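# Fold and contact review
Residues per chain are reported as follows:
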Amino acid sequence: MFDSRSTPAIAIHAKVEALPALTALRFFAAAYVVAFHYTPYYFPDMSGGGFIGLGYSGVTFFFLLSGFILAYNYRDADLGQPQARALFYRARFARVYPLFLLALVIHVPWFLAWVVKQPMPLKALMASGAVLAPLGLHAWVPGAACSLNCPSWSVSVEFFFYALFPILLPLVLRNPKRIALATLAFWVASAALATSVWQASSGGVSLIAPEAGGMRPVLLAEFVKYFPLLHLPEFIAGLLLYVAWRHARLPSPLLLAAAAGFGVLIVAGNGYIPNPILHNGITMLAWAPLILACAAMRRGPLCSRPLVFLGKISFALYLLHIPVFAMLNTADKVVLHGWLAGHPWFGIGLASLTSLVAATLAHLLVEEPARRRILRGARPFRTQPAPAVRASA
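In this report, the structure presented in the accompanying data block is examined. Each chain carries its own residue numbering, running from 1 in the direction its sequence is written. A pLDDT threshold of at least 70 governs which residues receive local features in this predicted model, and a stricter bar of 80 or more applies before side-chain atom pairs are shown or counted, although totals over entire chains, interfaces and linings include all residues. To obtain the side-chain values, all non-hydrogen atoms of the structure were used and water was disregarded.

### Concerning the environment of Pro142
Position of Pro142 among the secondary structure elements: in the loop between helix 5 (129-132) and helix 6 (153-174). Considering only alpha carbons, one finds Pro142 and Thr283, 141 residues apart in sequence, at a separation of 23 Å. Any two residues whose heavy atoms approach within 4.5 Å are treated as being in contact. Setting aside anything within four residues of it in sequence, one finds Pro142 in contact with Leu125, Leu219, Glu222 and Phe223. Counting from the N terminus, the helices are the DSSP runs of H or I reaching at least four residues and the strands are the DSSP runs of E reaching at least two.

In structure tokens, the structure reads:
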């Protein structure tokens, strides 16, 4: 979903080697999230547990990958220079915002219909998403975070990460072990707090589907799942993962085995591990070695052009699959009288294929042209390399 690319006009870091397998891997993570969202509607008996029930962890992958890729691209740039920071933010805006705004606009009719049905004060909180979401601030406000095209909450969190990146990267490069310990301590404390508050106040409903418990669990769930500070350790872990990869390259078979092993343990533990811990970071144990393994790949299926292209449209797929579902669901109810819902394999296949087509068109016709247009007016600039830092022991 989130990556970092430079253009010659505003390059503020040295050209880096492409990591094609990681680009392709983004598609599979996005497809995992799509399966998580589509399955409960088309196959309600299959949702909740097992592998598909952890599909939300694809967002943890994206946060982790975002930190890794940004560190990989900007490791030698001096973002302490004001002009360099401004160009970094411009590049991030150009990369993310046009498609983000398009997905919000498309979803407005369903957003309005949903808001109207809600009781106060949830109605007011959700309605605030109309203002907060275009500003990228809705993840900070429970009720607004998931109101306007729910997957967009993660982009709001990414904006927070981008704001902190010029500060965090030098700290991580200079003191990786200290930052790792501080990040682990923060994650443990925040996960424990979120878990204890959720277990004490949720009334026993699921964090993933809290609607049965009423307004309080819904708002509390949105805080636990979407509040940006609670996801900061995942992004910092990505920065640290890059430092680890730079200093030690473990064999890919060993890393893939570790990813598979942790993945099996986490899937088996779904239902036993508290939901806030599963949702907010523990799946990094499986995603991190997978990222390290794929970062070293320069050949093989994941480096093929078709899969790399699917990886490039993954951001569009992630943002558009809910608006596409909303359109198809409305058409099914109004025109087809529930035929798609009654034929779930056809319904989920049509929704998935339509989402892929929409993602491809949005990538080619909106995402890339808008990005080039925004970057075209930037003044050429290249920073001096960042001052050399010596990692502390």
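Now that the structure has been shown, we can carry on.
### Side note on unusual backbone geometry
Each neighbour pair has its own omega, and for Met120 with Pro121 the value is 0°, a cis peptide bond. Following the sequence through the fold, Pro121 ends up in the loop between helix 3 (82-117) and helix 4 (122-127). The phi dihedral of Asn149 falls on the positive side, at around 55°, and the residue is not glycine. For Asn149, the location among the structural elements is in the loop between helix 5 and helix 6. Its identity is not glycine, yet His337 carries a phi of approximately 55°, on the positive side. Within the secondary structure, His337 sits in the loop between helix 14 (314-334) and helix 15 (339-342). For every residue, the accessible area (1.4 Å probe, protein chains only) is compared with the maximum for its type, and the residue is labelled buried under 20%, exposed over 50%, or partly exposed between those bounds. The exposure class of His337 is exposed, given its relative accessible area of 69%.

### Brief notes about the state of the cysteines
The disulfide definition used here is simple: a pair of cysteine sulfur atoms within 2.5 Å. For the coordinates displayed, the defined rule picks out 1 disulfide. Cys303 supplies the cysteine sulfur nearest to Cys294, a cysteine that is in no disulfide, at a spacing of 8.3 Å. Looking at Cys303, the relative accessible area reads 17%, which means it is buried.

### Structural notes on the nonpolar core
A general trend in soluble globular proteins is that nonpolar side chains are found buried together. With 109 residues, the main nonpolar core has Leu22, Phe68, Tyr74 and Phe165 as its most contacted residues. Among the elements that line this core, the one with the most residues is helix 1 (residues 20-42), at 13 residues. In this view, Leu22 contacts Leu65, Phe68, Ile69, Ile291, Cys294 and Ala295; residues no more than four positions away in its chain are not counted. Side-chain atoms within 4.5 Å are what join buried Ala, Val, Leu, Ile, Met, Phe, Trp, Tyr and Cys residues into a set we call a nonpolar core.

### Describing helix 12 (residues 284-295)
Each helix should span, by expectation, one fewer than its residue count multiplied by 1.5 Å. When the terminal C-alpha atoms of helix 12 are compared, their 16 Å separation across 12 residues agrees well with the 16 Å that a helix rising 1.5 Å per residue should span. Within helix 12, burial applies to Met284, Ala286, Trp287, Ala288, Pro289, Leu290, Ile291, Leu292, Ala293, Cys294 and Ala295. Against helix 1, helix 2 (57-74), helix 9 (228-247), helix 10 (252-269) and helix 11 (275-282) lie the buried residues of helix 12.

### Quick look at the pattern of salt bridges
Between Lys or Arg on one side and Asp or Glu on the other, a salt bridge is scored when a side-chain nitrogen of the former is within 4 Å of a carboxyl oxygen of the latter. Under the defined criterion, the tally for this structure stands at 5 salt bridges. A salt bridge links Arg95 to Glu367, with the nearest nitrogen and oxygen atoms 2.4 Å apart. One end of the pair, Arg95, is in helix 3; the other, Glu367, is in helix 16 (residues 344-376), and 272 residues separate them in sequence. For the pair formed by Arg95 and Glu367, the shared burial category is buried. Bridged by salt links that share partners, the residues Glu368, Arg371 and Arg372 form one connected network.

### A few points about a nonpolar patch on the surface
Candidate patch residues must exceed 30% relative accessible area and have no salt bridge, after which like charges are joined if within 9 Å and Val, Leu, Ile, Met, Phe, Trp or Tyr side chains if within 5 Å. For accessible areas, the Shrake-Rupley method is used with a probe of radius 1.4 Å. Any residue's cover is judged against the shown protein chains and nothing else. A cluster of nonpolar residues, Phe309, Leu353, Val357, Leu361, Leu364 and Leu365, forms a patch on the protein surface that exposes about 560 Å² of accessible area. Looking at which element gives the most residues to the nonpolar patch, the answer is helix 16, with 5 residues. Following the sequence through the fold, Leu364 ends up in helix 16. The partly exposed category is assigned to Leu364, whose relative accessible area is 46%.

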